[in-house]
Amino acid sequence: YTILSKVHSDRNVYPSAGVLFVHVLEREYFKGEFPPYPKPGEISNDPITFNTNLMGYPDRPGWLRYIQRTPYSDGVLYGSPTVENVGKPTIIEITAYNRRTFETARHNLIINIMSAEDFPLPYQAEFFIRNMNVEEMLASEVLGDFLGAVKNVWQPERLNAINITSALDRGGRVPLPINDMKEGVYVMVGADVPFSSCLREVENPQNQLRCSQEMEPVITCDKKFRTQFHIDWCKISLVDNTKQVSTFQEVIRGEGILPDGGEYKPPSDTLKSRDYYSDFLITLAVPSAIALVLFLILAYIMCCRREGVEKRNMQTPDIQLVHHSAIQKSTKELRDMSKNREMAWPLSTLPVFHPVTGEIVPALHADAYDHTSMPLMQTQQNLPHQTQIPQQQSAGQY
């Protein structure tokens, strides 16, 4: 396909600072720039999406928002211009994409922000409407009905819609996919007269207690909104700018605050060559030299500064050396005695022959009798298997 791009003529709008600005991107306005369906007589209903950005930048200004639910619905630009942009034309590039033919159509929207009289309005109230989405509230007839209800309750001389914000932008959750579930929208309005008694009822202690208990407060003028708008009175915000004291303090430059450097100046395309020899020396050579010096000092202390055994003995008392030598000697004797247990039995413990009968007499082992009951020295009568020697008789008996 050949993707074509067509540019419309510029369109100028003149919103006021501090007043809600709404611009609808109508699909019918761009349908004439795209080719119709191949079949003659068939109604063209191509899916069209829009992309909006500030000329020369990838995004829109901070005060301007854009929403489009589906490719078959119109897009909406909305927001509240700031005073800083008064007198400066803001050019918004609008690009329409035909999702069937991949063609684009483009035109510029020039926003000329004008200064509003008696801005800002001193008394501002923000309502949270639970049964509306932001694109529904941006419709001129719905917003007009809401401002009419607020005017009946407030009775101001001047009443302006200042800003509209989706509840999702305030941290709200995406609603369930049910027909009656809406995301909710915040609507801020401003007036030139103090708040009415009906709006002040939210500040009553009874209503504050009911809100803390997640109960709906009792507001007398709620019936004027209930037919079309379900307002959460616990989330209403009343701001009186006439009683607010300016808390502006002069910013003192110091730690954590960067100085104003002006506009950003990117570096040049041509980069100069750089010698990294000095960086190499600082990164590798210097730490290596320090590590080598520390290694030599440690080697000298460990190898060349040893005191030795003789110097240790000279500094030790004699009585301590004698005790140490005695302990070592006793330990050596015990080890030698434990080694003798594994030697062969002596010859005196081997079996012998009886001198008279010739029988084999078993050896006297220590395990053959009880040491505790044996006397230290045995008499000849107590010795087993001992031969009795006949005694010599006197001569008169022979």
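The name an unreviewed UniProt entry assigns to the chain is Epsilon-sarcoglycan, from the organism Thryothorus ludovicianus. Per UniProt, the chain has the following entry under Function (unreviewed entry): "Component of the sarcoglycan complex, a subcomplex of the dystrophin-glycoprotein complex which forms a link between the F-actin cytoskeleton and the extracellular matrix." The Sequence similarities (unreviewed entry) comment attached to the chain in UniProt states, word for word, "Belongs to the sarcoglycan alpha/epsilon family."

Participant: Just to check I follow, could you spell out the sheet that holds strand 10 (residues 159-166) for this structure?
Facilitator: Pairing between the strands of a sheet is mediated by backbone hydrogen bonds and can be parallel or antiparallel. Strands sit in the order 10-11-9-12 across an open sheet of 4 strands; the sheet is antiparallel. On the outer flanks of this sheet lie strand 10 and strand 12 (237-240), each paired with one strand and no other. Across the sheet, the mean angle separating the axes of adjacent strands is 15° when strand polarity is ignored. Pairing between strand 9 (residues 123-129) and strand 12: 4 bridges, direction antiparallel. Of the residues in strand 12, the one forming a bridge with Gln124 is Val239.

Participant: Help me understand the confidence of the model for the chain in this model?
Facilitator: Should pLDDT be low for a region, the predicted coordinates there are not to be read in detail. On average, residues of the chain score 78 in pLDDT, and 75% of them reach the 70 mark or higher. Scored below 50 in pLDDT, residues 1-7 shows 12 contacts in the model against residues more than four places distant or in partner chains.

Participant: When you look at the sheet that holds strand 5 (residues 64-67) in this model, what are you seeing that I'm missing?
Facilitator: Taken in spatial order, the 3 strands make up an open sheet running 3-6-5, and their pairing is antiparallel. The outermost strands of the open sheet, each flanked by one partner alone, are strand 3 (21-25) and strand 5. Adjacent strand axes in the sheet meet at a mean angle of 20°, parallel and antiparallel pairs treated alike. Pairing between strand 3 and strand 6 (residues 75-79): 5 bridges, direction antiparallel. Along strand 6, the bridge assignment pairs Val24 with Val76.

Participant: Got a minute to help me understand the pattern of salt bridges in this structure?
Facilitator: Scanning the entire structure with this criterion turns up 11 salt bridges. The salt bridge partner of Glu135 is Arg69, with a shortest N-O separation of 2.9 Å. Of this pair, Glu135 sits in helix 2 (residues 134-137) while Arg69 sits in the loop between strand 5 and strand 6, and the two are 66 residues apart along the sequence. Residue classification places Glu135 among the partly exposed residues on the basis of a relative accessible area of 24%. Taking the relative accessible area as the measure of exposure, Arg69 reaches 43% and is therefore partly exposed. Here Arg170 makes a salt bridge to Glu126, at a shortest N to O gap of 2.5 Å. Of this pair, Arg170 sits in the loop between strand 10 and strand 11 (185-191) while Glu126 sits in strand 9; the two residues are 44 residues apart in sequence, bridging distant segments of the chain. According to the relative accessible area criterion, Arg170 is partly exposed, its value standing at 42%. On the basis of relative accessibility, which here comes to 12%, the residue Glu126 falls in the buried class. The structure contains a network of salt bridges with shared partners spanning Arg69, Glu135 and Glu183.

Participant: Would you mind going over the packing of aromatic side chains with me for this structure?
Facilitator: Each aromatic ring pair is summarised here by two numbers: the centre-to-centre distance and the angle between the ring planes. This structure, assessed with the given rule, holds 12 aromatic pairs. Ring geometry for Phe127 and Trp233: centres 6.2 Å apart, planes at 80°, overall edge-to-face. Taken together, the residues Phe127 in strand 9 and Trp233 in the loop between helix 6 (223-226) and strand 12 connect sequence positions 106 residues apart. Here the two residues Phe127 and Trp233 agree in accessibility, since each one is buried. On the basis of an interplanar angle of 25° and a centroid distance of 5.2 Å, the ring pair of Trp154 and Phe195 is categorised as stacked. With Trp154 in helix 3 (residues 140-154) and Phe195 in the loop between strand 11 and helix 4 (197-200), this residue pair connects regions lying 41 residues apart in the sequence. In this structure Phe195 comes out as buried when scored by relative accessible area, which is 8%. Chaining the aromatic ring pairs together yields one cluster made of Phe127, Phe146, Phe225, Phe229 and Trp233.

Participant: Whenever I open this one, the UniProt feature "transmembrane region" (unreviewed entry) in the chain confuses me. Can you help?
Facilitator: Under the feature "transmembrane region" (unreviewed entry), the UniProt entry names residues 280-303. End C-alpha to end C-alpha, residues 280-303 measures 34 Å, and it is 100% helix and 0% strand.

Participant: Got a minute to help me understand the pairing of strand 9 in this structure?
Facilitator: Residues in a regular strand project their side chains so that they alternate between the two faces of the sheet. In terms of residue burial, strand 9 counts as a mostly covered element, since 7 of its 7 residues are buried. Alternating residues of strand 9 divide into Tyr123, Ala125, Phe127 and Ile129 and Gln124, Glu126 and Phe128, and every residue in both groups is buried. Of the pairings in the sheet, the one linking strand 9 to strand 11 comprises 7 bridges and is antiparallel in character. Within the sheet, the bridge partner assigned to Gln124 lies in strand 11 and is Gly190.

Conventions used here
Residues numbered from 1 in each chain as written. Predicted model: local features only at pLDDT ≥ 70, side-chain atom pairs only at ≥ 80, totals over all residues. Heavy atoms only, no water. UniProt positions renumbered as here; feature names shortened; annotations may be inferred. Pairing = 2+ DSSP bridges. Helix = DSSP H or I, 4+ residues; strand = E, 2+ residues; numbered from the N terminus. Axes fitted to C-alpha atoms, helices over the stretch in contact; angles between N-to-C directions. pLDDT = per-residue confidence, 0-100. Contact = heavy atoms within 4.5 Å. Salt bridge = Lys/Arg side-chain N within 4 Å of Asp/Glu carboxyl O. Buried < 20%, exposed > 50% of the residue type's maximum accessible area, 1.4 Å probe, protein only. Phe/Tyr/Trp six-rings, centres within 6.5 Å; stacked < 30°, edge-to-face > 60°.

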